[in-house]
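# Coordinate analysis (summary)
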Amino acid sequence: MGRAYQNKKDSMAKTAGAKTKVYSKYGKEIYICAKNGGTDPDGNLSLRRLIERAKKDQVPAHVIDRAIDKAKGGGGEDYVATRYEGYGPGNCMIIVDCLTDNNKRTFADVRVCFTKANAKIGAQNSVSHLFDHLAIFVFDGDDDETVLEALMMADVDVTDVEVENGKVTVFATHTEYNNTRTALEEMGVTEFDEDLISFVPQIAAPIEGEDVEVMERFLAMLEDCDDVQNVYHNAEF
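Okay, so let's go over this structure. Everything numeric here is computed off the predicted structure, so don't read it as measured data.

This brings us to the sheet that holds strand β1 (residues 80-87). With antiparallel pairing, four strands are arranged side by side in an open sheet as β3-β1-β2-β9. Of all the strands in the sheet, just β3 (120-122) and β9 (228-233) have a single pairing partner and so form its edges. When strand polarity is set aside, the average angle formed by the axes of neighbouring strands in this sheet is 30°. For β1 and strand β2 (residues 93-100), the ladder comprises eight bridges, and the chain directions are antiparallel. Bridge pairing in β2 places Tyr87 opposite Met93. The strands touched by helix α2 (residues 19-37) are β2 and β9; relative to β9, the strand with the most contacts, the crossing angle is about 105°.

Here it is in structure tokens:
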């Protein structure tokens, strides 16, 4: 991958919102995961992993339980995933992932953010092909060779394994998230500093001057959109 994930985080950072935004995000994701794959975490591995991440991000139990109870009811909102791509300040690349029950509303909200930042929404895959869609795990360790060998023995499609400052970072294709996590747990890894699927840019776009302020405002506006789940970019401040 060229350099350790810890040094990349600023370039691929997803927005960090207020607690209510985080709760809403996980509530939607848990609801969809439970509705599509079953409400029992023991039988729905993706749901179990998602609940673990939610708890790690300090999402209250009642938020998790409410989302699962809604999925058990069989009714509720029909959320769909939608993605917008484009170019932001300094010609940096932007990916905006949303979950929505009203595409027209979501597109209008996201478009307003782009317009106010003098940014441009592009066609599907206009920029995402310049990002790697990866499962990423970071945990304590200093032996990348042993980790890589174990993952390969488990037939995990590993992209890279790095070690820096006592931390091992594993990159795998996003479809290998569950297999990678399972293999690492079987190795004895029980605590993860990072445990997610993310878009990582292949190239960075340094921005400076007024573009920095505009970019920060742009990200804040997107964060305020209820349907926006994650924002990825390659801007380097």
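Picking up where we left off.
Relative to each other, α2 and helix α4 (residues 61-73) sit at 35°, their axes nearing to 8 Å. Here the hand of the crossing between α2 and α4 comes out right-handed. For the pair formed by α2 and α4, the contact residues are Tyr23, Gly27, Ile30, Tyr31, Ala34 and Lys35 on the first element and Val63, Ile64, Ala67, Ile68, Lys70 and Ala71 on the second. Considered class by class, the residues forming the contact of α2 with α4 number nine nonpolar, one polar and two charged.

This brings us to the sheet that holds strand β4 (residues 131-140). Backbone hydrogen bonds hold the strands of a sheet together, and the pairing may be parallel or antiparallel. Taking strand neighbours across the sheet as the criterion, the four strands line up as β5-β6-β4-β7 in an open arrangement whose pairing is antiparallel. Lying at the two open borders of the sheet, with one neighbouring strand each, are β5 (158-164) and β7 (194-201). The sheet shows a mean angle of 25° between the axes of neighbouring strands, taken without regard to direction. Pairing geometry for β5 and strand β6 (residues 167-173), over six bridges, is antiparallel. The partner of Val161 across the bridge, within β6, is Val170.

Moving on to the state of the cysteines. Following the criterion strictly, the structure yields zero disulfides and no others. Between Cys33, a free cysteine, and Cys98, which holds the nearest cysteine sulfur, the sulfur-to-sulfur gap is 19 Å. Sulfur of Cys98: no disulfide; nearest cysteine sulfur belongs to Cys225 and is 7.5 Å away. Looking at Cys98, the relative accessible area reads 2%, which means it is buried.

Within the secondary structure, Ile94 sits in strand β2. In this structure Ile94 comes out as buried when scored by relative accessible area, which is 0%. Along the chain, Ile94 and Lys120 lie 26 residues apart, while their C-alpha atoms are 9.5 Å from each other. Excluding residues within four positions of it along the chain, Ile94 makes contact with Tyr84, Glu85, Gly86, Tyr87, Gly88, Phe114, Val127, Met215, Phe218, Val231, Tyr232 and His233.

Definitions and limits used
- Residues numbered from 1 in each chain as written.
- Predicted model: local features only at pLDDT ≥ 70, side-chain atom pairs only at ≥ 80, totals over all residues.
- Heavy atoms only, no water.
- Pairing = 2+ DSSP bridges.
- Helix = DSSP H or I, 4+ residues; strand = E, 2+ residues; numbered from the N terminus.
- Axes fitted to C-alpha atoms, helices over the stretch in contact; angles between N-to-C directions.
- Contact = heavy atoms within 4.5 Å.
- Left-handed = near helix turned anticlockwise from the far one by under 90°.
- Nonpolar A, V, L, I, M, F, W, Y, C, P; charged D, E, K, R; others polar.
- Disulfide = S-S within 2.5 Å.
- Buried < 20%, exposed > 50% of the residue type's maximum accessible area, 1.4 Å probe, protein only.

All we've got here are geometric facts, nothing functional implied.
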